Amino acid sequence: MKRLCTICARGGSKGVKNKNIRNMVGKPLIAHSIEQAKRSRLFDFIAVSSDSEEILETAQRWGADLIVRRPKQMATDTAAKLPIIQHCVREVEEMVNIRFDTLVDLDATSPLRLAEDIVGAVKLLEDSDATNVITGTPSHRSPYFNMVELNGDGTVQLCKTPP
């Protein structure tokens, strides 16, 4: 069974500038996902897709096997993720001349997952008739707990009621 891990990280974040390469607990954010994929010992290759040379260089330094330069039209804040993953897989399959049986895409912005979580999700996928597995976790409190709303005068306040 041939397995590929993709990590897709856009360079033009509007919310937190350069978030994918910002230091988080002593290493760039993207490094956490690369290391988790490596610790899982599941993948033939770990590929990082980005439009940012800085992200791609960081990914290589932290152990990504392959880098994929993403076309600019796939690097907008409205670009859908599935075509980006598909592009990455096609590029990698052409680079290494392998057709992969299992694909795992890890979000660069989820540094708290464990390698065991990845192993469990892949086992669930490969032991079932499912075509994909999406992970999640129950919220321990209402998402409205920290929501704020903008007042007409430019100040913010906690939401009084859920939208």
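Figured I'd write up the structure that's included with this text. Sequence positions are assigned chain by chain, starting from 1 and proceeding in written order. A pLDDT threshold of at least 70 governs which residues receive local features in this predicted model, and a stricter bar of 80 or more applies before side-chain atom pairs are shown or counted, although totals over entire chains, interfaces and linings include all residues. Each side-chain value is worked out from all heavy atoms of the structure, with water and hydrogens disregarded.

What about unusual backbone geometry?
In step 1: The residue asparagine 18 is not glycine, and still its phi comes out positive at about 55 degrees.
In step 2: Along the chain, the position of asparagine 18 falls in the loop between strand E1 (3-8) and strand E2 (23-24).
In step 3: Judged by its relative accessible area of 32%, asparagine 18 is partly exposed.
In step 4: You will see that asparagine 97, though not glycine, has its phi angle at about 55 degrees, which is positive.
In step 5: Tracing the chain through its elements places asparagine 97 in the loop between helix H3 (81-96) and strand E6 (102-105). Secondary structure elements follow DSSP: runs of H or I no shorter than four residues count as helices, runs of E no shorter than two count as strands, and numbering proceeds from the N terminus. Only protein chains enter the calculation, and the probe is 1.4 Å; a residue is then buried if its accessible area is under 20% of its type maximum, exposed if over 50%, and partly exposed in between.

With respect to a nonpolar patch on the surface
In step 1: On the surface, Val148, Leu150, Val156 and Leu158 cluster together to form a nonpolar patch covering roughly 420 Å² of accessible area.
In step 2: Along the polypeptide, leucine 158 turns up in strand E8 (residues 156-158).
In step 3: Exposure remark for leucine 158: the relative accessible area of 55% places this residue in the exposed category. Patch rule: a residue counts if its relative accessible area is over 30% and it has no salt bridge; like charges are joined within 9 Å, and nonpolar side chains (Val, Leu, Ile, Met, Phe, Trp, Tyr) within 5 Å. Surface accessibility follows the Shrake-Rupley procedure with a 1.4 Å probe radius. Residue values consider only the protein chains on display as shielding. Salt bridge, as used here: a side-chain nitrogen of Lys or Arg that lies within 4 Å of a carboxyl oxygen of Asp or Glu.

Some details on the packing of helix H1 (residues 29-40) against helix H4 (residues 115-126)
In step 1: Between N-to-C directions, angles cover 0 to 180 degrees, with each direction set by a line fitted to C-alpha atoms, over the stretch in contact for helices. Between H1 and H4, whose axes approach to 8 Å, the crossing angle comes to 60 degrees. Judged by the angle between their axes, H1 and H4 are oblique. Crossing geometry of H1 relative to H4 is assigned as right-handed. Between H1 and H4, the residues in contact are Gln36, Ala37, Arg39 and Ser40 and Ala115, Ile118 and Val119, respectively.
In step 2: Amino acid classes used here: Ala, Val, Leu, Ile, Met, Phe, Trp, Tyr, Cys and Pro are nonpolar; Asp, Glu, Lys and Arg are charged; the rest, including Gly, are polar. In terms of residue class, the contact of H1 with H4 is built from 4 nonpolar, 2 polar and 1 charged. To sort the angles, those under 35 degrees are grouped as roughly parallel, those over 145 as roughly antiparallel, those from 65 to 115 as roughly perpendicular, and the leftovers as oblique. Crossing handedness is defined as follows: a turn of the near helix away from the far one that is anticlockwise and smaller than a right angle gives a left-handed crossing, while the clockwise case is right-handed. Any pair of residues with heavy atoms lying within 4.5 Å of one another is described as a contacting pair.

Observations regarding the sheet that holds E6
In step 1: Read across the open sheet, the 4 strands follow the order E5-E4-E1-E6; overall the sheet is parallel. Looking along the sheet, the strands with just one partner apiece sit at the ends: strand E5 (66-69) and E6. Averaged over all pairs of adjacent strands, the angle between their axes in this sheet comes to 25 degrees, without regard to strand direction.
In step 2: A pair of strands counts as paired when DSSP detects no fewer than two bridges linking them. When strand E4 (residues 45-50) meets E5, the two strands line up parallel, connected through 4 bridges. Bridging from a neighbouring strand, serine 49 pairs with valine 68 of E5.
In step 3: Contacting E1, E4, E5 and E6, H3 runs over the sheet at an angle of about 125 degrees to E5.
In step 4: This element, H4, spans E1 and E6 of the sheet and lies at about 145 degrees to E6.

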